[in-house]
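Summary of structural features
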Amino acid sequence: MAEIGRELFALPWRAVLERYPYAEDFFQANGLGGIDFPSPSLGRDIEALDEDILDDVGISREELAENFLLFIGRMERLKRKSASLESLTILGGRRKDGEPERLDLTIRRGEVLAIVGPTGSGKSRLLADIECLAQGDTQTGRTVLVDGRKPTPQERFSIENKLIAQLSQNMNFVMDLPVMEFLNMHGESRMISGIGEVAGRIFEHANELAGEPFSPKTPLTQLSGGQSRALMIADTAMLSTSPVVLIDEIENAGVDRKKALELLVQEGKIVLMSTHDPLLALMGAKRLVIENGGVKTVIRTSERERENLAALERIDRKMQRLRNQIRLGGAIEYSVAGYFAEGEER
Ligand SMILES: Nc1ncnc2c1ncn2[C@@H]1O[C@H](COP(=O)(O)OP(=O)(O)OP(=O)(O)O)[C@@H](O)[C@H]1O
């Protein structure tokens, strides 16, 4: 994006706000909140500001204009900075038995990796090491690099602009806003331009991912488990500036897992998910096999496996239909073996 120049003053205030929703904060912070800017250009509005009001808040017209451009420029740089990461590198530490973990793995933007292994093997621990960008200072001694270098303390510990987002299993909404209001508010807090349109797209995607549709007016606390998870996935894909998303299993309940993953990857994120679902595991480019607290091997999804993915998707769709029949109080009185053997018409 180009530097913010004086041409901004040629736009009407409404267009400036549409592009930079946080612009209003600047005038608020300068004691000029709530002033009407009705003319066809912001420049003219600033020209028309009452001299007495400017005197009262202690700023000259020129300073106001200059500072406004500086403010918008800084905010835009901040936004760009928060979104950038090309790769993540995981360097091995030690396993539970103290033996070294032989691992030097770089994951690039848009890649999906599955993490597999028996209960208690250390899958969640690996996700936690990534989430805190471990620097040899966790139980496992692993080191995580961003773009091939050590993360800065700000990258590790800042709560805003987090590099890593974690999609948790339970969405406990504290607020009880209608869905669309929540999305608009979230967009505003993320300084997103054209919030209305983005919120609308998130809503549509969430509805596509959720098994049962919900309305923009549905209060958050009335969403089902699957619906709220679908909403959070769509929200993370489109609003979160975190370039890395960690998922501790996308459970079956009412979420189209395949579409969810596609949505996250489409937005250029690195996705790491702990899963034993063959459909999800084979969608990843690789899978990390965890044993005894360490990554034992990295399996690259083969051509053969990719071919199997199509068959698995077909089976999954059929399973989904059976689930829906049960959910809707139906009966399964026909031959299930026959149903799986035939095409997809039924
Ligand atoms: N390299 C390691 N060194 C020491 N302790 C470890 C190591 N890796 C994992 N652990 C510990 O082992 C325990 C089990 O790990 P974790 O919870 O990550 O397993 P998991 O594979 O996610 O299990 P589940 O599938 O049951 O959720 C945790 O207490 C974790 O901190």
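Residues numbered from 1 in each chain as written. Predicted model: local features only at pLDDT ≥ 70, side-chain atom pairs only at ≥ 80, totals over all residues.

Spelled out, the test is: UniProt positions are given in the numbering used here, feature names are shortened, and annotations may be inferred rather than shown by experiment.
The chain appears in an unreviewed UniProt entry as ABC-type lipoprotein export system, ATPase component from Enterocloster lavalensis. Heading Sequence similarities (unreviewed entry) of the UniProt record for the chain holds this comment: "Belongs to the ABC transporter superfamily."

**Remarks on the packing of helix α10 (residues 225–239) against helix α11 (residues 257–266)**
Heads up, the condition is: The axes are straight lines fitted to the C-alpha atoms, using for helices just the contacting stretch, and the angles between their N-to-C directions are given from 0 to 180°. Numbered from the N terminus, helices here are DSSP runs of H or I no shorter than four residues, and strands are runs of E no shorter than two. The scheme is simple: roughly parallel for angles under 35 degrees, roughly antiparallel for over 145, roughly perpendicular for 65 to 115, oblique for anything else. Each helix crossing is assigned a hand: it is left-handed if the near helix lies turned anticlockwise from the far helix by less than a right angle, otherwise right-handed if that turn is clockwise. Any residue pair is listed as a contact if its two C-beta atoms, each placed from the backbone, are within 7 Å. Three classes are used, and their members are as follows: Ala, Val, Leu, Ile, Met, Phe, Trp, Tyr, Cys and Pro are nonpolar, Asp, Glu, Lys and Arg are charged, and the others, Gly among them, are polar.
Their axes nearest at 8 Å, the elements α10 and α11 cross at an angle of 15 degrees. Overall, the two elements α10 and α11 adopt an arrangement that is roughly parallel. The way α10 lies across α11 gives a crossing that is left-handed. For the pair α10 and α11, contact is made by Ile-233, Ala-234 and Ala-237 and by Ala-260, Leu-263 and Leu-264, respectively. Residue composition of the contact of α10 with α11, grouped by class: 6 nonpolar, no polar and no charged.

**What to know about the site of the ligand**
Test applied: As a rule, any residue with its backbone-derived C-beta atom within 6 Å of a molecule or strand is reported as near that molecule or strand.
Taken together, 15 residues surround the ligand, and among them Gly-122, Lys-123, Ser-124, Arg-125 and Gly-293 come closest. A class-by-class count of the residues in the shell around the ligand yields no nonpolar, 10 polar and 5 charged.

**Examining the nonpolar core**
Convention followed: The nonpolar core is taken to be a set of buried Ala, Val, Leu, Ile, Met, Phe, Trp, Tyr and Cys residues joined by way of C-beta atoms within 7 Å. To sort residues by burial, count the other C-beta atoms lying within 10 Å of each one's C-beta; a count of 20 or more means buried, 12 or fewer means exposed, and anything in between means partly exposed. C-beta atoms are built from the backbone.
Membership of the largest hydrophobic core comes to 55 residues, with the highest contact counts inside it found for Ile-115, Ile-233, Ala-234 and Val-271. Tallying contributions element by element places α10 first for this core, with 7 residues. Dropping the residues within four chain positions of it, Ile-115 is found in contact with Lys-123, Leu-126, Leu-272, Met-273, Ser-274, Leu-288 and Ile-290. Counting residues in each nonpolar core, the second largest holds 7 residues, with Trp-13, Val-16, Tyr-20 and Leu-42 among its members.

**Thoughts on unusual backbone geometry**
The phi dihedral of Leu-133 falls on the positive side, at around 45 degrees, and the residue is not glycine. Residue position: Leu-133 is located in the loop between α6 (123–131) and β4 (143–146). Take Leu-133: there are 20 C-beta atoms within 10 Å of it, and that puts it in the buried class.

**Quick word on the sheet that holds strand β3 (residues 112–116)**
Note the cut-off: DSSP-based pairing: two strands are paired if at least 2 bridges between them are found.
Taken together, 6 strands build an open sheet; the order of strands is β5-β6-β7-β3-β8-β9 and the sheet is mixed. Whereas interior strands pair on both sides, the edge strands pair on one side only; in this sheet they are β5 (164–167) and β9 (294–300). With direction set aside, neighbouring strand axes in the sheet form an average angle of 20 degrees. Across 5 bridges, the pairing between strand β6 (residues 244–248) and strand β7 (residues 270–274) is parallel. Pairing of Val-244 across the sheet is with Ile-270, part of β7. Contacting β3, β6 and β7, α11 crosses the sheet at an angle of about 150 degrees to β7.

**A few points about the sheet that holds β4**
Taking strand neighbours across the sheet as the criterion, the 3 strands line up as β2-β1-β4 in an open arrangement whose pairing is antiparallel. Looking along the sheet, the strands with just one partner apiece sit at the ends: β2 (104–108) and β4. Direction aside, the axes of adjacent strands within the sheet are offset by 20 degrees on average. One ladder, built from 4 bridges, connects strand β1 (residues 87–91) with β4; its direction is antiparallel. Across the sheet, the residue bridging to Leu-88 is Val-146, located in β4.

**Details of the packing of helix α8 (residues 179–189) against helix α9 (residues 195–209)**
Taken N-terminus to C-terminus, the directions of α8 and α9 make an angle of 130 degrees; their axes are 9 Å apart at the nearest point. Looking at the two axes, α8 sits oblique to α9. α9 is crossed by α8, and the crossing has right-handed handedness. Residues Val-179, Met-180, Leu-183, Asn-184, Gly-187 and Glu-188 of α8 form the contact with α9, whose own contacting residues are Ile-195, Val-198, Ala-199, Ile-202 and Phe-203.

**Considering the pairing of β1**
Of the two faces of β1, only the one carrying Leu-88 and Ile-90 is buried; Ser-87, Thr-89 and Leu-91 on the other face are not. Note that β1 and β2 share 5 bridges and pair antiparallel. If you follow Ser-87 over to β2, its bridge partner there is Arg-108.

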